[in-house]
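# Structural description and commentary
One-letter residues, chain by chain:
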Amino acid sequence: MRTLLLSACLLLLGTSSESAAQTNKQPKYPTKEWIGKSLPEPKSDFALNGEKVRLADLKGKVVLLDFWAVWCVPCRSTFPTINRLHDTYKEKGLEVVALTTYYAKHDFKDNKLVKAKKPLTPESEQEMLERFARHFKLKYRIQTMPKEQFATYKVFAIPQGMLLDRTGKVRHIIVGGNPADWKTMETKIQELLKEKEE
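Below is a short write-up of the structure. Everything numeric in this text was worked out from a predicted model, so none of it was measured.

Rules used in this analysis
- Each chain has its residues counted from 1, following the order in which its sequence is written.
- Reporting in this predicted model follows two pLDDT cut-offs: at least 70 for local features of residues, and 80 or more for side-chain atom pairs to be given and counted; totals over whole chains, interfaces and linings ignore these cut-offs and use all residues.
- The side-chain values count all of the structure's non-hydrogen atoms but skip hydrogen atoms and water molecules.
- A 1.4 Å probe that fits into a set of points on a 1 Å grid over the protein atoms alone but cannot get out defines a cavity; an open set with protein on both sides within 12 Å along at least five of seven lines defines a pocket, and lining residues are those with an atom within 4 Å of a point.
- Grid points are joined across faces, edges and corners, and a volume is the space filled by probe spheres set on the points.
- Per the convention used, a helix needs a DSSP run of H or I reaching at least four residues, while a strand needs a run of E reaching at least two, with both numbered from the N terminus.
- Classification used: nonpolar for Ala, Val, Leu, Ile, Met, Phe, Trp, Tyr, Cys and Pro, charged for Asp, Glu, Lys and Arg, polar for all others including Gly.
- Each reported salt bridge corresponds to a side-chain nitrogen of Lys or Arg within 4 Å of a carboxyl oxygen of Asp or Glu.
- Throughout this description, buried means an accessible area under 20% of the type-specific maximum (1.4 Å probe, protein chains only), exposed means over 50%, and partly exposed covers the range between.
- One less than the number of residues in a helix, times 1.5 Å, gives the span that helix is expected to have.
- Directions are taken from the helix axis to each C-beta atom, and the arc is the one they span.
- We call two strands paired when DSSP finds no fewer than two bridges between them.
- Throughout, right-handed denotes a crossover for which the path from the first strand over the helix to the second runs clockwise when the strands point away from the viewer.
- Note on aromatic contacts: the rings of Phe and Tyr and the six-membered ring of Trp form a pair at centre separations within 6.5 Å, being stacked when their planes are under 30 degrees apart, edge-to-face when over 60 apart, and tilted otherwise.
- By the criterion adopted, a ring carries a charge over it if an Arg CZ or a Lys NZ lies within 6 Å of its centre and within 35 degrees of its normal.

Bringing the layout of surface pockets into the picture now. Any empty space left between atoms is shown by rolling a water-sized probe over those atoms. In this structure, the largest pocket occupies an estimated 150 Å³ of space. As for the largest pocket, its lining consists of Asp-107, Lys-109, Val-114, Lys-115, Ala-116, Lys-117, Lys-118, Pro-119, Leu-120, Thr-121 and Ser-124. Listed by contribution, the elements that provide at least two residues to the lining of the largest pocket are β6 (106-109) and β7 (112-115). Grouping the constituent residues of the lining of the largest pocket by class yields 4 nonpolar, 2 polar and 5 charged.

Quick look at the structure:
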């Protein structure tokens, strides 16, 4: 039987990456420990496509957290899917928040990601993120947070989707860009949208 491969980017010390291949079974990453629990608040200092929000502000909504980075090629493969989920379910109670951090190593010029000639300041990286999001037509909310928070959330591979129910508890997690996993994510979104807040 043919094995389906799922690509993800590993985060090493919060700054570097390499490609990894996983089977179509959900990888046993530490983030699974969050299932059934509430997450700490992201310490965001910048947002696109809306104001910065806290998870507490989103109680009563189903929340999809997307952990990603501009240099992560598998992350880009999920952009159309996440845009579609945002468009399809926003009015029904879904809130998408994409979380990334500062790497200072990449710039986005002439519609291409390039190595920065010198480390970017946070302000320059925010401008780069805006160009990047505009080019890829990302419609959902994007927020930055400190690198160390990826470790706090136990996120060591991206893209990673974490789905929170209306009470703020984590109900489903996927790692990588496997379309089948994101189809399952959509099914879980539909199920949680039908649940009433307790």
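Here we come to empty space enclosed by the protein. In this structure the tally under the stated criterion is 1 cavity of 30 Å³ or more. Counted as a void, the largest cavity has a volume near 30 Å³. The class makeup of the residues in the lining of the largest cavity is 4 nonpolar, 1 polar and 3 charged.

This paragraph deals with the pattern of salt bridges. Taken as a whole and assessed by the stated rule, the structure comprises 11 salt bridges. For Glu-95, the salt bridge identified is with Arg-141, shortest N-O distance 2.8 Å. Remark: Arg-141 occurs in strand β8 (residues 141-144) and Glu-95 occurs in strand β5 (residues 94-100); sequence separation between them is 46 residues. For the residue pair Glu-95 and Arg-141, the accessibility class agrees, reading buried in each case. Notably, a salt bridge pairs Asp-107 with Arg-131, separated by 2.7 Å at the nearest N-O pair. Of this pair, Asp-107 sits in strand β6 while Arg-131 sits in helix α2 (residues 122-135), placing them 24 residues apart in sequence. Accessibility expressed as a relative area gives 10% for Asp-107, which makes it buried.

If you check helix α4 (residues 179-194), its first and last C-alpha atoms are 23 Å apart, about what 16 residues at 1.5 Å a residue would give, namely 22 Å. Inspection of α4 places Asp-181, Trp-182, Met-185, Glu-186, Ile-189, Leu-192 and Leu-193 among the buried residues, and these make up the whole buried set. Buried residues of α4 fall within an arc of 150° about the axis and therefore sit on the same side. Turned more than 90 degrees off the buried face of α4, the exposed positions are Lys-183 and Lys-194.

Here 4 bridges tie β6 to β7, and the two strands are oriented antiparallel to one another. When the sheet's bridge partners are listed, Asp-107 is paired in β7 with Val-114. In textbook terms, the turn of a hairpin is the stretch between consecutive antiparallel strands, and for β6 and β7 this stretch comprises 2 residues, one of which, Asp-110, has a positive phi near 50°.

β5 sits mainly inside the fold: 7 of its 7 residues count as buried. Of the strand pairs in this sheet, strand β4 (residues 62-67) and β5 are connected by 6 bridges, and their pairing is parallel. Bridge pairing in β5 places Asp-66 opposite Ala-98. Viewed along the sheet, the connection from β4 through helix α1 (residues 73-89) into β5 turns out right-handed. Two strands pair when backbone bridges link them, and β5 and β8 are joined in this way by 4 bridges, in the parallel orientation. Within β8, the residue paired with Leu-99 across the bridge is Gln-143.

What describes a pair of aromatic rings is the distance from one ring centre to the other and the angle between the planes of the rings. In this structure the tally under the stated criterion is 10 aromatic pairs. Among the aromatic residues, those joined into a cluster by ring pairs are Trp-68, Phe-79, Phe-108, Phe-132 and Phe-136. Residue placement shows Lys-154 over the ring face of Trp-34; its charged tip is 5.7 Å from the ring centre.

Any functional reading would require information beyond the geometric quantities listed.
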